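Architecture and fold: a report
Residues per chain, in single letters:
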Amino acid sequence: MSNRDDSPTDEDARPARRGRPPKAKAGSAGDTRESILDAAEDLFSKHGFYGVTIREVSREAGVDTALVHYYFGAKRGLFDAVFLRRAEVWNNERVDAINRYAREAGETMTLEGLLEAFLRPPFEWSLKGGPGWKHYAALVAQTNANPAFGGETMARYFDPAIRRLIELIKQVLPDARDVDLYWAYHNLSGALTLTLGETGRLDRLSGGLCRSGDLESAGDYMVRFAAAGFRAVCAPRPE
């Protein structure tokens, strides 16, 4: 977390400036917008929403502050744009993967198969997608634990994919209570975002036996752990 003043500044709350980008920028508007998003994603992932100013983002992106406001408005608009950009990729691929698995497996569908299909896209993007995806994974971990707006942000961008997963898990565990399914997913969600954040905590805790950057192993362990967890939490309770 940043130790800078968390109070929003006047320039963070400034409304978007009207008008068009300068002509020199117009031809590369798409590239400029992506550069701003990349810079904001990097800074937000390191310092959190309250530890970053629009001025710092514009400096990192090499553009004028007014251009950031033109494209994204106030800082929350920029943050939401950063969050949405990769959330669409993650979630579209996750829903496609679990739907394809359910269609191909039919009555032989298992928890392990469903969870592997659901978890594979975020792990693969973190493994192979480059620094931007590492930054995004760290940002999602921060946001998932943010008491101010984390719940609302995660719900807006991730809930449809999660609800589809739970619908399919109900086919595997038809007697499971909804309350148990949601608690089980809540525990998986925390494990997933912490793991993809690659904080190094596991390295220190294990004395180097495990590496938080070993996402191949992490994904395998998570599938087995989560499947066992869903079964344990959703098992019928004795009367």
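Structure's up top.
This structure is a prediction, so every number in the text was calculated from the model and none was measured.

Thresholds applied
- Residue positions are given per chain, counted from 1 along the sequence in the order it is written.
- Since the coordinates come from a predicted model, pLDDT governs what is reported: local features require at least 70, and pairs of side-chain atoms require 80 or more to be given and counted, while whole-chain, interface and lining totals use all residues.
- Only hydrogens and water are set aside; all other atoms, that is, all heavy atoms of the structure, feed into the side-chain values.
- Where helices and strands are cited, they refer to DSSP runs of H or I of at least four residues and of E of at least two residues respectively, numbered from the N terminus.
- By definition in these notes, contact holds between two residues if any of their heavy atoms fall within 4.5 Å.
- Any carboxyl oxygen of Asp or Glu within 4 Å of a side-chain nitrogen of Lys or Arg constitutes a salt bridge here.
- For the exposure calls, accessible area comes from a 1.4 Å probe over protein chains only, and a residue counts as buried if that area is under 20% of its type's maximum, exposed if over 50%, partly exposed in between.
- Put simply, a nonpolar core is a bunch of buried Ala, Val, Leu, Ile, Met, Phe, Trp, Tyr and Cys residues held in one set by side-chain atoms that sit within 4.5 Å of each other.
- Axis angles are defined between N-to-C directions and span 0 to 180 degrees, where every axis is a line fitted to C-alpha atoms and, for a helix, only to the segment in contact.
- Orientation categories follow fixed angle ranges, with anything under 35 degrees roughly parallel, anything over 145 roughly antiparallel, 65 to 115 roughly perpendicular, and all other angles oblique.
- The handedness criterion is simple: a crossing whose near helix is rotated anticlockwise from the far helix by less than a right angle is left-handed, and one whose near helix is rotated clockwise is right-handed.
- Throughout this entry, Asp, Glu, Lys and Arg are counted as charged residues, while Ala, Val, Leu, Ile, Met, Phe, Trp, Tyr, Cys and Pro are counted as nonpolar. The remaining residues, Gly among them, count as polar.
- Expected helix span is taken as 1.5 Å per residue step, with the number of steps being one fewer than the number of residues.
- One axis fitted to the seven residues ending at a residue, another fitted to the seven starting there: the angle between these axes is the bend at that residue.
- Patch definition: residues above 30% relative accessible area lacking any salt bridge, with like charges linked at up to 9 Å and the nonpolar side chains Val, Leu, Ile, Met, Phe, Trp and Tyr linked at up to 5 Å.
- Shrake-Rupley sampling with a 1.4 Å probe provides the accessible areas, and residues are treated as covered by the protein chains on show and by no other component.
- When charges are tallied, Lys and Arg are placed among the positive residues and Asp and Glu among the negative ones, while His and the ends of the chain are skipped.
- Just so you know, the charge point we use is NZ for Lys, CZ for Arg, CG for Asp and CD for Glu.
- Each Phe, Tyr or Trp ring (for Trp, its six-membered ring) is paired with any other whose centre lies within 6.5 Å, and the angle between the two planes then decides the class: stacked below 30 degrees, edge-to-face above 60, tilted in between.
- Here, a charge over a ring means that NZ of Lys or CZ of Arg falls within 6 Å of the ring centre while also lying within 35 degrees of the ring normal.

Moving on: the overall build of the chain. Scanning the chain from terminus to terminus reveals 12 helices and zero strands. Element order for the chain, N to C, with α for helix and β for strand: α-α-α-α-α-α-α-α-α-α-α-α. For the chain, restricting intrachain contacts to residue pairs at least 6 apart in sequence, the fraction spanning at least 24 positions comes to 76%.

This model, assessed by the stated rule, comprises 16 salt bridges. K46 serves as the salt-bridge partner of D42, at 2.0 Å between the closest nitrogen and oxygen. With D42 and K46 both in helix α3 (residues 29–47), this residue pair falls four residues apart, about one helical turn. For D42, a relative accessible area of 17% puts it in the buried group. Measuring nitrogen to oxygen at the nearest pair gives 3.0 Å for the salt bridge that ties R177 to D180. For D180, a relative accessible area of 4% gives the class buried. Connected through salt bridges with shared partners, the residues E34, D38, E41, R85 and R86 form a single ionic network.

Time to look at the nonpolar core. One recurring pattern in soluble globular proteins is that nonpolar side chains are buried together. In terms of nonpolar packing, the biggest core is built from 66 residues, with I36, L78, F83, F158 and F230 touching the most fellow members. Sort the elements by how many residues they give to this core and helix α6 (residues 75–105) lands first, with 11 residues. Every residue in contact with F230, bar those within four places of it in the chain, is listed here: L111, L115, I169, L173, L181, A184, Y185 and L188.

Moving on, we get to the packing of helix α9 (residues 150–172) against helix α10 (residues 178–196). Viewed as axis vectors pointing N to C, α9 and α10 meet at an angle of 125 degrees, and their least axial separation amounts to 11 Å. Overall, the two elements α9 and α10 adopt an arrangement that is oblique. At the point where α9 passes α10, the crossing takes the right-handed sense. Contact residues: I162, R163, L165, I166, I169 and K170 in α9; D178, L181, Y182 and Y185 in α10. Looking at the contact of α9 with α10 residue by residue, the class counts come to seven nonpolar, no polar and three charged.

Glancing now at the packing of helix α8 (residues 131–144) against α9. Between α8 and α9, the least distance of the axes is 8 Å, while the angle of their chain directions is 125 degrees. It follows that α8 is oblique to α9 by the angle criterion. Counting all contacts with α8, which are made through Y136, V140, T143 and N144, the residues of α9 involved are G150, T153, M154 and F158. Counted by class, the contact of α8 with α9 contains four nonpolar, four polar and no charged residues.

Here α6 spans 45 Å end to end across 31 residues, near enough to the 45 Å set by a 1.5 Å rise per residue. At A87, α6 is bent by approximately 30 degrees, the largest bend along its length. Remark: G106 follows α6 within two positions and exhibits a positive phi of approximately 60 degrees.

The next point concerns a nonpolar patch on the surface. Residues V179, W183 and V233 make up a contiguous nonpolar surface patch of about 280 Å² in total accessible area. If you trace the backbone, W183 turns up in helix α10. Judged by its relative accessible area of 53%, W183 falls in the exposed class.

By the secondary structure assignment, R237 is in the segment after α12 (215–234). Residues contacting R237, with those up to four places away along its chain left out, are R177 and D180.

Right, let's get into a negative patch on the surface. On the surface, a cluster of negative charge is made up of E93, D96, E124, E216 and D220. Within the residue set of the negative patch, elements represented by two or more residues are α6 and α12. Topologically, E93 is positioned in helix α6.

The phi torsion at E198 lies on the positive side, around 45 degrees, for a residue other than glycine. Looking at the element boundaries, E198 is found in the loop between α10 and α11 (201–205).

Here we take up the packing of aromatic side chains. Taken as a whole and assessed by the stated rule, the structure comprises 18 aromatic pairs. Ring centres 6.1 Å apart and planes at 20 degrees place the aromatic pair F44 and F49 in the stacked group. Chaining the aromatic ring pairs together yields one cluster made of F44, F49, Y50, F79, F83, W90, W125, W133, Y136, F149, Y157 and F158. Over the ring of F49 we find K75, and its NZ or CZ is 4.5 Å from the ring centre. We note R76 situated over the ring of F149; from NZ or CZ to the ring centre the distance is 4.7 Å.

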